[in-house]
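Residues per chain, in single letters:
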Amino acid sequence: MLMGSLLLVAASSGGSEGAPSLTVKRLRCELTVNPLGIDVRQPGLSWELESSRRAERQSAYQVIVSSTPELLKANQGDLWDSGKVLSRETVGITYQGRPLTTAERCYWAVRVWNGEGRPSAWSKGAWWEMGLLDPADWHGKWIARTRDIAELPAPLLRKAFTLTGKVKRARAYVCGLGYYELRLNGEKVGDHHLDPGYTRFDRRALYVTYDVTSQLKEGENCLGAMLGNGWLNVQTQAVWYFDKAPWRQAPKLLLELRVDYEDGRSEVVSSDESWRAGTGPILFNSIYGGETYDARRERRGWDSPGFVDDRWPNAIAVEPPGGQVTAQMCPPIRATQTLETAKLTEPKPGVWVFDLGQNFAGHARLAASGKAGTKVTLRYAERLNADGTVSQANIDEHMKKTDPPQQFQTDTYILKGEGKEVWEARFCYHGFQYVEVTGYPGRPNKDAIKGIVVHTDVEPVGAFSCSNPLLNRIWQNTLWSYLSNFESIPTDCPHREKNGWTGDAHLATEVGLLNFDGRNAYAKWLDDLDDEMRPSGELPGIVPSSGWGYAWGNGPAWDSAFLLIPWYLYEYYGDTAALRKHYPKMKRYVDYLTSKAKDGIVSLGLGDWVAPGPMPPVEVTSTGYYYVDALIVSRAAQVLGNPEDARKYSDLADAIAASWRKSFVDEGTGRVSDGGQTAQACALYQGLLTPEQKPAVLSRLLAAIEEHKGFTSCGILGAKYELNTLTDCGRTDVAYRIATQTDEPSWGNWIKHGATTLWEAWNGSGAGSGSWNHIMFGDVSAWMVKALAGINPDPDGPGFAKVIVRPHVVGDLTSAKAEYHSVRGMVTSEWRLDKGNLKLEVTLPANTTATLYLPLGSGSEVREGDGPASEAPGVKHLRDDDGTGVYELGSGTYRFAVRGFKQ
């Protein structure tokens, strides 16, 4: 399983009368535990609450922020003391104290009052530290070894310096483009890979802050930086023209080391022309092509004091990349797992194929011993030829054909001949399951290649399982595809394109948020979208973009990522920051669509991509997203306190929906446009219909599904619409039938053909049929959590302040379980059929409530714990409605039983 174990916070109905009933836990600043080097001047603070009592809530809070740990311990908030604030809110509490300064560390704690007005104890202390807040805080220059973008060896930059006292605190602030590895006194700094995050560098570049106190020493020290091309200086030619990107420059470095001595003195070491520049063992590196490393060219000690660098020329000062330099707030890319070789074959003499048993993103770790100069070549792929060798035919189709052919997904290591040598690439990643190795000295064993899984290290927060092994496998495959396709931006695939396709991203956002803490990762990419918007409001299909994708006509079905994702962050985190930050350009985008609409209908863009049959006219889905976008702007305006805009865009949304219905809905039959599954589901999912129209449109959707014998005929848009719509309309049984099919087209068919990830096309088992690691069909796993286990955000209580728990007992399922560690704490829902009874256990964190829709079947008696549910503490029976018992729950753990349950 990809995720580690998650702590289940299970409250009970008991508790000591005298002790405070609430405990404050998990303090986070900008939804990060103890963040180092942030540049949000008024950061958002949040915490979670635990209680041993049911239906416990917070009635007030007090936040103190101190300049020292001693003051915090004395409960003195010299930076800010909020005082007692009457509020139930625990998320997004904005710091409102003294203006903060560069590199300032802030220590903070929280206490709360419960519903009876009793205070909790103070929480354990937490902290955050500011980064470099103004351009003037950078004392150094951008430096490089060369300005030549065709220079292939990766540059090494070094700076020897002397510290004249005992170090109290030291921070390194680093932006090395395209990628860098920072070294200090012979050791790597930090555990990040592929830093910094990929941005449009001529508009924004990210810096990372490191605590390097323990790596420095009094006396001689040395900083070293190895630079890679990354996305700044793409060497490989492809149809997206990144080799001609407007930001393209040779690798460069901006660095500031700030040292505070115990005696109160401070010192700054920064990047300038006094640094020395050389080259080392990396002869070639390309984000698409791979890496070539000649170990004979290693410069021993180049990153340590005492290295003789008098033959190295001085670094040169170069122009900045062009954009603002801001703190990297998103989680870094890390190596998170090591995969062992599952199978080793020799399809041809001297050609070794290592099967890692799993499709993923990352690179191989090679172990070999041999003579100096021995060249070992590693080619990466996700499928094999008929003869057992690796095939890249399905993933190099967008690479421009050159003579000789350019390198693609290939690493080369040249041995230095000094015993066992272990190596892995630094400045690229690949999408693969198989590694074909040639030139290996001798006969390798399975340990010669290990798979290093690399992705943005988003924290796991969710899990799902059920009694159907196929669905469990689909869920697991979805997580592998999701992580494979988050490498500081959400991508479509980790091999062929590595592009931030906006449609793929928003279609997979909910599955991402239900399984991983993605707030800061998505917030970073929303900045990228903001940076790419043209004055007209136009957006490209891929973000970041070299300039490709604006005129291609991707349209609102893709561009709506810029509106949908901020709204998802609001629903899942109660986060208004993204809405506040991007609202002006969200509004600009809707105005852009209005300028392109004719009689309320938008015809530009892509439609229901890779549908197995004819897809509906683009106007159907594009205008559907136009409507949703206008509605989001209206709702965002309401959240942000702008009633005039709220009315304006609500009226616009109503007009769009009316035009859509007039253009596409047959009132007599309920047929929408072509009558296919996507068109019918679009009408219902996007909320475009009047209440009177819904039954006929649903009936036509069901008929269209039956015409395909219970299989989907949807592409990536319809695949999200269809399952959710069927569940919302009371036909989860039909959705379940679609989700559990095993013939083409279906998720199960991929698994039947050996898939360990999600594929790009329903017919993906055929030759040349696209990628085997795509996330755009991944919403099926979000549907499992929401529909089968029943955990849903409640729009009336964003950030899971309120929860909708609505499990569905359907098909041949006998159990389903999900857990979701929300921004307010753990939410769980687990049901099972047991000897004629339905048993459901629900856990809600303190200070939250839920509406429970409990399936009753033919059962008549509902119990919670040892007594009738209607009499249980924390439970309020609202009504019975069409075979469903509706209850309001306070926080805590509840165990329901429906006796004599039959579907």
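Numbering of residues begins from 1 in every chain and follows the order in which that chain's sequence is written. Given that the model is predicted, a residue must reach a pLDDT of at least 70 before its local features are reported, and side-chain atom pairs must reach 80 or more before they are shown or counted; all residues, however, enter totals for whole chains, interfaces and linings. As a rule here, side-chain values come from all non-hydrogen atoms in the structure, and water together with hydrogens is ignored.

Peer 1: Looking at this model, I keep getting lost on the overall build of the chain. Mind explaining?
Peer 2: When helices and strands are counted, the chain shows 16 helices and 47 strands. Taken over the C-alpha atoms alone, the chain extends approximately 85 × 70 × 55 Å along its principal axes. A total of 903 residues make up the chain; the buried ones form 62% of that total. Shrake-Rupley sampling with a 1.4 Å probe provides the accessible areas, and residues are treated as covered by the protein chains on show and by no other component. With an accessible surface of roughly 32,200 Å², the chain has 47% of that area assigned to carbon and sulfur atoms. Of the charged side chains in the chain, 97 are positive and 108 negative; the average position of the first set lies 2 Å away from that of the second. By the criteria applied, helices consist of DSSP H or I runs no shorter than four residues and strands consist of E runs no shorter than two, each listed in order from the N terminus. Any residue under 20% of the maximum accessible area for its type is buried, any over 50% is exposed, and the rest in between are partly exposed; the area is computed with a 1.4 Å probe on protein chains only. When charges are tallied, Lys and Arg are placed among the positive residues and Asp and Glu among the negative ones, while His and the ends of the chain are skipped. Here the site of a charge means NZ on Lys, CZ on Arg, CG on Asp, or CD on Glu.

Peer 1: Even after reading the chapter, I still don't get helix α14 (residues 732-739), so can you show me in this structure?
Peer 2: The α-helix advances 3.6 residues per turn, and as a result positions three or four apart in sequence lie on the same side. Among the eight residues of α14, six are classified as buried, and the element is accordingly described as predominantly covered. For α14, every residue scored as buried is listed here: T732, V734, A735, Y736, I738 and A739. What makes two residues a contact is simply this: any of their non-hydrogen atoms within 4.5 Å. Taken together, the buried residues of α14 touch α2 (469-484), α12 (694-707), α13 (716-728), α15 (747-752) and α16 (779-789).

Peer 1: Please clarify how the pairing of strand β11 (residues 155-163) should be interpreted in this entry.
Peer 2: Each regular strand shows side chains that alternate between the opposite faces of the sheet. Summarising burial for β11: seven of the nine residues are buried, a large majority. Strands qualify as paired when DSSP identifies two bridges or more between them. Taken together, the eight bridges between β11 and strand β16 (residues 219-228) define a ladder with antiparallel strand orientation. When the sheet's bridge partners are listed, L157 is paired in β16 with A225.

Peer 1: Got a minute to help me understand the pairing of strand β18 (residues 266-270) in this structure?
Peer 2: Inspection of the sheet shows strand β17 (residues 252-261) paired to β18 by five bridges, in the antiparallel sense. Note on β18: the bridge partner recorded for L257 is V269.

Peer 1: In this structure, what is going on with the pattern of salt bridges? I would like to understand it.
Peer 2: Two side chains of opposite charge can pair, provided their charged atoms sit close to one another. What counts as a salt bridge is simple: a side-chain nitrogen of Lys or Arg found within 4 Å of a carboxyl oxygen of Asp or Glu. Under the counting rule described, the total for this entry stands at 61 salt bridges. A salt bridge links E298 to K416; the shortest N-O distance between them is 2.9 Å. Of this pair, E298 sits in the loop between β21 (290-294) and β22 (316-317) while K416 sits in the loop between β30 (410-414) and β31 (421-424), placing them 118 residues apart in sequence. Among the residues examined, E298 registers a relative accessible area of 23% and is labelled partly exposed. A salt bridge links E861 to R899; the shortest N-O distance between them is 3.8 Å. Taken together, the positions of E861 in strand β43 (residues 861-864) and R899 in strand β47 (residues 892-899) put the pair 38 residues apart, joining distant regions of the chain. Take E861: its relative accessible area is 33%, and that puts it in the partly exposed class. Judged by relative accessible area, which is 42%, R899 ranks as partly exposed. Connected through salt bridges with shared partners, the residues R105, E129, R169, R171, D211 and D260 form a single ionic network.

Peer 1: Got a minute to help me understand the confidence of the model for the chain in this structure?
Peer 2: Interpretation of this model should avoid reading the predicted coordinates in detail wherever pLDDT is low. Taken over all residues, the pLDDT of the chain has a mean of 95, while the share at 70 or more is 97%. Across the chain, each position has a pLDDT score giving the predictor's confidence in that residue, from 0 to 100. Taken as a whole, residues 1-18 scores under 50 in pLDDT and shows 40 contacts with residues more than four places along the chain or in a different chain.

Peer 1: Would you mind showing me how to read the side chain of S286 here?
Peer 2: The topology assignment puts S286 in strand β20 (residues 282-286). By relative accessible area, S286 is classed as buried at 1%. The contact partners of S286, leaving out residues within four places of it in the chain, are Q235, T236 and C428.

Peer 1: What am I meant to see in the packing of aromatic side chains here?
Peer 2: For any pair of aromatic rings, the description rests on two quantities: the centre-to-centre distance and the angle between the ring planes. Each aromatic pair joins two rings of Phe, Tyr and Trp (for Trp, the six-membered one) with centres within 6.5 Å, and gets the label stacked for planes under 30 degrees apart, edge-to-face for over 60, and tilted for any other angle. By the definition in use, this model includes 38 aromatic pairs. Seen from their ring centres, F486 and Y522 are 5.5 Å apart, and the 80° between their planes marks the pair as edge-to-face. A residue pair is termed long-range when its members are at least 10 positions apart, and F486 in the loop between α2 and α3 (502-507) and Y522 in helix α5 (residues 519-532) qualify at 36 residues. Aromatic side chains Y894 and F896 sit 6.3 Å apart centroid to centroid with 25° between the ring planes, which places their arrangement in the stacked category. Of the two residues examined, Y894 and F896, each falls in the buried class. Through successive ring pairs, a cluster of aromatic residues spans Y198, F201, W231, W240, F242, W247 and Y288.

Peer 1: Can you help me understand the packing of helix α11 (residues 677-685) against α13 in this one?
Peer 2: For helices, the fitted line uses only the C-alpha atoms of the stretch in contact; every axis is such a line through C-alpha atoms, and the angle between N-to-C directions lies from 0 to 180 degrees. One can describe the packing of α11 onto α13 by two numbers: an axis separation of 8 Å at closest approach and a directional angle of 60°. It follows from the interaxial angle that α11 and α13 lie oblique. By crossing handedness, the relation of α11 to α13 is classed as left-handed. Between α11 and α13, the residues in contact are Q677, T678, A681, C682, L684 and Y685 and G718, K720, Y721, E722, N724 and T725, respectively. Just so you know the grouping, Ala, Val, Leu, Ile, Met, Phe, Trp, Tyr, Cys and Pro go in nonpolar, Asp, Glu, Lys and Arg go in charged, and all remaining residues, Gly too, go in polar. Across the contact of α11 with α13, the residue classes tally to five nonpolar, five polar and two charged. We call two directions roughly parallel when the angle between them is under 35 degrees, roughly antiparallel when it is over 145, roughly perpendicular when it lies between 65 and 115, and oblique otherwise. In this scheme the crossing of two helices becomes right-handed for a clockwise turn of the near helix relative to the far one and left-handed for an anticlockwise turn of less than a right angle.

Peer 1: Just checking my understanding: could you explain the sheet that holds β11 for this structure?
Peer 2: Strands belonging to one sheet form pairs held by backbone hydrogen bonds; the direction of such a pair is parallel or antiparallel. Spatial strand order, β14-β13-β16-β11-β19: five strands in an open sheet with antiparallel pairing. At either margin of the open sheet sits one strand with a lone partner, and together these are β14 (187-188) and β19 (276-279). Bridge count for strand β13 (residues 179-184) against β16 is six bridges, and the pairing is antiparallel. Bridged to L184 within β16 is L223.

Peer 1: Looking at this model, I keep getting lost on the sheet that holds strand β41 (residues 837-844). Mind explaining?
Peer 2: Strand order in this open sheet of seven strands is β35-β39-β40-β41-β47-β43-β44, and the pairing throughout is antiparallel. Edge positions in the sheet fall to β35 (462-466) and β44 (867-868), since each has one partner strand and no second. Across five bridges, the pairing between β35 and strand β39 (residues 815-822) is antiparallel. Each residue of the ladder has a partner; that of A463, found in β39, is E819.

Peer 1: In this structure, what is going on with the environment of D134? I would like to understand it.
Peer 2: Tracing the sequence through the fold places D134 in the loop between β9 (126-130) and β10 (143-144). Among residues more than four places away in sequence, those in contact with D134 are R41 and T102. In terms of polar contacts, D134 uses its side chain to reach the side chain of R41, at 2.9 Å. Between N or O atoms, a polar contact is any pair within 3.5 Å; within protein, one atom must be a potential hydrogen donor and the other a potential acceptor, and residues adjacent in sequence are included only when both atoms are from side chains.

Peer 1: Would you mind going over helix α7 (residues 561-573) with me for this structure?
Peer 2: Between its first and last C-alpha atoms α7 spans 17 Å; for 13 residues at 1.5 Å apiece the expected length is 18 Å, and the two agree. Most of α7 sits inside the fold, with twelve of its 13 residues counted as buried. Of all the positions in α7, only A561, F562, L563, L564, I565, P566, W567, Y568, L569, Y570, Y572 and Y573 are classed as buried. The positive-phi residue at the C-terminal boundary of α7 is G574, with phi of around 65°. Take the number of residues in a helix, subtract one, and multiply by 1.5 Å to get its expected span.

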